[in-house]
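Residues per chain, in single letters:
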Amino acid sequence: MQVRRFGGLVLLAAMLGLSGCSNVAYVAQAVRGHLDLLQRSRPVEDWLADPATSPALHARLELAQRLRAFAVTELKLPDNRSYKRYAELDRKAVVWNVVAAPELSLMLQTWCWPVMGCVGYRGYFSREGADALAAELRADGREVWVYGVPAYSTLGWSEWLGGDPLLSTFIGWSEGELARLVFHELAHQVAYAQDDTPFNESFATAVERLGVRRWLDQRADAAARAEYERFDARRRAFRALVGETREALRTLYASDADEATKRARKAELMAAMRARHAALKAGEWAGYAGYDAWFDNANNAALGVQAAYDEWVPAFERLFEAEGADFKRFYAEVARLAALPKAERRAALAAVAATGVEE
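Please read all numbers here as calculations on a predicted model, not as lab measurements. (Residues numbered from 1 in each chain as written. Predicted model: local features only at pLDDT ≥ 70, side-chain atom pairs only at ≥ 80, totals over all residues. Heavy atoms only, no water.)

A word on the packing of aromatic side chains
Convention followed: Only the six-membered ring of Trp is used, alongside the rings of Phe and Tyr, when aromatic pairs are assigned; centres must lie within 6.5 Å, and planes under 30 degrees apart are stacked while those over 60 apart are edge-to-face, with the rest tilted. Helix and strand assignments come from DSSP, with helices taken as H or I runs of at least 4 residues and strands as E runs of at least 2, each series counted from the N terminus. Here's how the labels work: a residue is buried when its accessible area is under 20% of the maximum for its type, exposed when over 50%, partly exposed in between, all with a 1.4 Å probe on protein chains only. By definition, being over a ring means that NZ of Lys or CZ of Arg is both within 6 Å of the ring centre and within 35 degrees of the ring normal.
For the structure shown, the criterion picks out 23 aromatic pairs. Ring centres 6.5 Å apart and planes at 85 degrees place the aromatic pair Trp145 and Trp294 in the edge-to-face group. Here Trp145, found in strand β7 (residues 143-149), pairs with Trp294, found in helix α9 (residues 292-297); they are 149 residues apart in sequence, far enough to count as distant. We classify Trp294 as buried; its relative accessible area is 1%. Ring geometry for Phe320 against Phe327: centres 4.7 Å apart, planes inclined by 45 degrees, an arrangement best described as tilted. An aromatic cluster is present here, built from Trp145, Tyr147, Phe238, Trp285, Tyr288, Tyr291, Trp294 and Phe295 joined pairwise through their rings. It is Arg234 that lies over the ring of Phe231; its NZ or CZ is 5.3 Å from the centre. Lying across the ring of Phe199, Arg345 places its NZ or CZ 5.3 Å from the centre.

Next comes the structure, spelled out in structure tokens:
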């Protein structure tokens, strides 16, 4: 499935200390899960030198190291220990995220941590833990989505432990998709705005898009470019469909209609979205089923979290051009914006989005 699912998750935030029995249990699973991940990881050089490493994995690890070097030299992303180790996991996701929203709102529930501020998701290293929280939230009347995350970022704070490792949950992805993930997660180490998930995720998404275009143009062969275009064409269609539905729902929820009317209209909009997906699948997608699970389970929570990855991407792409397509200048300006109060930061981004860059 190619739905955007990179949480930018910072479990170390949970490790900084919280009170309350439920929070103690959450911190304990976070600590155990992260340490287990680190213990499983070994330097990529060791894997490459090991005759037991399969030829397929050997090739992917070599590709990942080329991507890592490109990220540093061409995209000016941090040159540190991240993605120089690799870990084999016995599951398809490293973490399961839980997101929740009210029945008639796209506003995600947030959880707050010392230092890191508030985020609109909560991550677990076991599906059972995520499902338990989901059940509690549903009992409280929330719409909930639980989804697997193939990678997460510790924002560079785990350097002393070896950095964020490559994982079996994503190492086998196509070249363009692997590039997107590496560039996205490394971008999280460049700038972080407290209590502003859309800013953080949209920035990382903008960097991944800028980066993958350069990688494909400069380093990839024709087959890799064609494969990426097939993936990305479906992703663009998905974003457009979900974005239109999300905006229609946002307008509906903000209207003066009574709740019964809102519920009925919401059902119509969701049904129309699913029908359009079915048409895409039967038509230009030629039966591609990678988005089926998302549309089958789509609700306010799923729509709300998707917005975090899309909301400010055009503004960041325009800001990049305004800074002369210079990554260092771009990152400096993003860091400046991240340090502003949230209202000022969003006003600045809105101004960039509204004006664009003159040709």
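After presenting the structure, the write-up continues.
Here's the deal with the environment of Asp326
Relative to the assigned elements, Asp326 resides in the loop between α11 (313-322) and α12 (327-339). For Asp326, a relative accessible area of 31% puts it in the partly exposed group. The spacing of Asp326 and Leu75 is 251 residues in sequence and 8.9 Å in space, taken between C-alpha atoms.

Concerning the layout of surface pockets
Empty space among the atoms becomes apparent when a probe as large as a water molecule is rolled across them. Note the threshold: Here a cavity is any set of points on a 1 Å grid over the protein atoms alone where a 1.4 Å probe fits but cannot get out, and a pocket is any open set with protein on both sides within 12 Å along at least 5 of 7 lines; a residue lines the site when it has an atom within 4 Å of a point. Grid points are joined across faces, edges and corners, and a volume is the space filled by probe spheres set on the points. Under the convention adopted here, Pro, Cys and the residues Ala, Val, Leu, Ile, Met, Phe, Trp and Tyr are nonpolar, Asp, Glu, Lys and Arg are charged, and Gly plus all remaining residues are polar.
In this model, the largest pocket occupies a volume close to 580 Å³. If you trace the largest pocket, you find 24 residues lining it, with Leu106, Met107, Leu108, Pro198 and Glu311 closest to the centre. Sort the elements by how many residues they give to the lining of the largest pocket and helix α7 (residues 222-254) lands first, with five residues. Of the residues in the lining of the largest pocket, the class split is nine nonpolar, six polar and nine charged.

Considering helix α4 (residues 127-139)
Quick note on the threshold: What a helix is expected to span follows from its residue count: subtract one and scale by 1.5 Å. The directions considered for the arc are those from the helix axis to the C-beta atoms. Whether two residues are in contact is decided by their heavy atoms, any of which lying within 4.5 Å being enough.
When the terminal C-alpha atoms of α4 are compared, their 18 Å separation across 13 residues agrees well with the 18 Å that a helix rising 1.5 Å per residue should span. All of the buried residues along α4 are Gly129, Ala130, Leu133, Ala134 and Leu137. Viewed along the axis of α4, the buried residues span an arc of 135 degrees, placing them on a single side of the element. Pointing more than 90 degrees away from the buried face of α4 are the exposed residues Glu128, Glu136 and Ala139. If you follow the buried residues of α4, they end up packed against β3 (95-101), β4 (111-113), β6 (122-124) and β7. Taken from the residues just after α4, Gly141 is the one with a positive phi, measuring 90 degrees.

Thoughts on the pairing of β3
For clarity, the cut-off: Two strands pair under a simple rule: DSSP has to find at least two bridges between them.
Here β3 lies mainly inside the structure; seven of its seven residues are buried. A two-sided burial pattern is seen for β3, the buried positions comprising Val95, Asn97, Val99 and Ala101 on one face and Trp96, Val98 and Ala100 on the other. Sheet analysis places β3 next to β7, joined by seven bridges and oriented antiparallel. The residue of β7 that forms the bridge with Val98 is Val146. Bridging between β3 and β6 involves three bridges; their strand directions are antiparallel. Its bridge partner lying in β6, Asn97 is registered against Gly123.

Looking at unusual backbone geometry
A positive phi angle, near 50 degrees, is found at Ala286, a position not held by glycine. For Ala286, the position within the fold is in the loop between α8 (259-282) and α9. Even without glycine at this site, Ala325 takes up a positive phi of about 55 degrees.

Things to note about the pattern of salt bridges
Pairing of side chains with opposite charge becomes possible as their charged atoms draw close. Basically, it comes down to this: Take a side-chain nitrogen of Lys or Arg and a carboxyl oxygen of Asp or Glu: if they are within 4 Å of each other, that pair is a salt bridge.
If you walk through the whole model with that rule in mind, you get 27 salt bridges. Of the charged contacts, one joins Arg263 and Glu103 as a salt bridge, the two residues approaching to 2.6 Å between their closest N and O atoms. With Arg263 in helix α8 and Glu103 in the loop between β3 and β4, the pair connects residues that are 160 residues apart, well separated along the chain. Residue Arg263 is classed as partly exposed on the basis of its relative accessible area of 35%. A salt bridge links Glu177 to Arg235; the shortest N-O distance between them is 2.9 Å. Placement of the pair is Glu177 in helix α5 (residues 175-187) and Arg235 in helix α7, with a sequence separation of 58 residues. The class of Glu177 is buried, set by a relative accessible area of 1%. We classify Arg235 as buried; its relative accessible area is 1%. Ionic contacts of the salt-bridge type, sharing partners, join the residues Glu177, Arg180, Glu208, Glu229, Asp232, Arg235 and Arg236 into one network.

Quick look at helix α3 (residues 55-73)
For α3, spanning 19 residues, the distance from its first C-alpha to its last is 27 Å, which sits close to the expected 27 Å at 1.5 Å a residue. Turning to α3, its buried residues are Leu57, Leu61, Leu63, Ala64, Leu67, Arg68, Phe70, Ala71 and Val72.

Brief notes about the state of the cysteines
Rules: Cysteine sulfur atoms that come within 2.5 Å of each other are treated as a disulfide pair.
All chains considered together, the criterion is met by one disulfide. Bridging Cys112 to Cys118, the disulfide has an S-S length of 1.8 Å. Here Cys112 and Cys118 share a disulfide; its torsion about the S-S bond, 100 degrees, makes the bridge right-handed.

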